[in-house]
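Coordinate inspection notes
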Amino acid sequence: MTDGGHIDNVVAERALRILPPEEEAAVDGHAEICPPCRALLQEAQETANLLALAVLPARPPRHCKARLMDLVERDVFLEKRTPWSTRRIGSARWAIVAMLLLALVGWNIRLQREIAHERMIAEMVASDFRPSALKPQGATVDAAGRMFKGPNGTSAVLIVENLPPAPPGKIYQIWVADEQRQQPMETFQATHRLDEVVMHAAVPLTTFKWIMITLEDAGGSQVPSKTTVLLGDL
C-alpha cells in the first residue's frame, strides 16, 4: 500500500492473486471502506478476467515458453534467499509482466474479432454475383453504393463510396422498403472514401423492393426523412 493507506500500487497483484494471504486480506479490507480504491480494484479484476476470453490465441514461439520457465525458476530460487522486505521488487516485476500478458491477450481478442469480421464480409461479397447498386440522389453526385447479400438472405454488407461526412448532429441510416413498409436498419458515419456496413434483418432482404440511405438526426429514426442520398433496387 501507499503511505496514505491506498492500494493503487498493488491492485494489479491482487487482481492476479499473487499477493501473500495476509496482504490480500488487507487489500480487500481497505477496498471495502474506500470507494476509489474499490473501483480501481474492480477495474483491475475485470482486466484480469480477459484471460478467460482468450479464444484461439496466437501460439507463441517455443523459445518464449523456455525463457519464461527459466525466469520462474530463477525468481523462485532468489525469493527463497531474499529477505521479505525486498521481495516486493520481484512481485512488482511479476505484476508488470502479467499486465503485459493481459495486454497481449486483449490484442489477440481484438485481432480475432477483426479477422472474423473481414472473413464474414469476404464471404458475403463472394456469394452475391449480382449486388444491388445504389445511385446518388440530390447533391451527392459522386457517391455510389453496392449491397452484397449473404448466403442466409438476412444479412448483407453495404459498401459505400465517396459519401461525404454527415453534418454535425446528423447520421446516415440504411432502409429497406417496399410500397407498404420502410424498415430501419443500421446507422453509420461516413469516415473514409470507402465505408463498409454490415446489415442484419429479421426477414430475408429479398422480401423488400428497395434499399436507400437517408440523412437523419443523430441516433437514427423510425421514419425516414426526405433527404435520401442513395437509392437502389433489391
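Residues numbered from 1 in each chain as written. Predicted model: local features only at pLDDT ≥ 70, side-chain atom pairs only at ≥ 80, totals over all residues. Heavy atoms only, no water.

**Some words on the overall build of the chain**
The secondary structure content of the chain amounts to 5 helices and 8 strands. N-terminal to C-terminal, the α/β element order of the chain is α-α-α-α-α-β-β-β-β-β-β-β-β. Within the chain, the fraction of its 234 residues that count as buried is 33%. Here the analysis covers contacts within the chain between residues at least 6 apart in sequence; of these, 60% occur between residues at least 24 apart. (Helix = DSSP H or I, 4+ residues; strand = E, 2+ residues; numbered from the N terminus. Buried < 20%, exposed > 50% of the residue type's maximum accessible area, 1.4 Å probe, protein only. Contact = heavy atoms within 4.5 Å.)

**As for the sheet that holds strand β6 (residues 194–200)**
Pairing within the open sheet is antiparallel, and its 8 strands lie in the order β5-β4-β7-β8-β1-β2-β3-β6. Bordering the open sheet on either side are β5 (182–188) and β6, each of which pairs with just one other strand. Averaged over all pairs of adjacent strands, the angle between their axes in this sheet comes to 25 degrees, without regard to strand direction. Sheet topology places strand β7 (residues 210–217) next to strand β8 (residues 228–233); 5 bridges connect them, and they run antiparallel. Residue pairing across strands places Trp210 opposite Asp233, the latter belonging to β8. (Pairing = 2+ DSSP bridges. Axes fitted to C-alpha atoms, helices over the stretch in contact; angles between N-to-C directions.)

**Points about the packing of aromatic side chains**
Taken as a whole, this structure holds 1 aromatic pair when the rule is applied. Above the face of the Phe208 ring, Arg181 is positioned so that its terminal group lies 4.0 Å from the ring centre. (Phe/Tyr/Trp six-rings, centres within 6.5 Å; stacked < 30°, edge-to-face > 60°. Lys NZ or Arg CZ within 6 Å of the ring centre and 35° of its normal.)

**A closer look at the pairing of strand β1 (residues 132–136)**
Here 3 bridges tie β1 to strand β2 (residues 144–149), and the two strands are oriented antiparallel to one another. When the sheet's bridge partners are listed, Ser132 is paired in β2 with Met147. Bridging between β1 and β8 involves 3 bridges; their strand directions are antiparallel. Within β8, the residue paired with Lys135 across the bridge is Leu231.

**With respect to the side chain of Asp195**
As for its position among the elements, Asp195 is in strand β6. For the buried Asp195, no salt bridge is present, and the opposite-charge side chain at shortest range is Arg193, 9.3 Å distant. Here the side chain of Asp195 touches His192 through a polar contact of 3.4 Å, landing on its backbone nitrogen. In this structure Asp195 touches Leu158, Ile159, Val160, Gln189 and Ala190, once residues within four positions along its chain are discounted. (Lys, Arg positive; Asp, Glu negative; His and termini not counted. Salt bridge = Lys/Arg side-chain N within 4 Å of Asp/Glu carboxyl O. Polar contact = N/O pair within 3.5 Å; in protein donor to acceptor, adjacent residues only side chain to side chain.)

**Here's the deal with the nonpolar core**
Leu158, Leu163, Tyr172, Ile174 and Ile213 are the most contacted members of the largest nonpolar core, which has 24 residues in total. Residue assignment for this core shows that the elements contributing at least two residues are β3 (155–161), β4 (170–177), β5, β6, β7 and β8. Formed by 11 residues, the second largest nonpolar core is a distinct cluster that contains Ala15, Val27, Cys37 and Ala44. (Core = buried A, V, L, I, M, F, W, Y, C linked by side-chain atoms within 4.5 Å.)

**Description of the state of the cysteines**
Throughout the structure, instances matching the rule amount to 0 disulfides. Left without a disulfide partner, Cys34 is nearest to the cysteine sulfur of Cys37, which lies 3.6 Å away. Owing to a relative accessible area of 8%, Cys34 belongs among the buried residues under this scheme. In this structure Cys37 comes out as buried when scored by relative accessible area, which is 4%. (Disulfide = S-S within 2.5 Å.)

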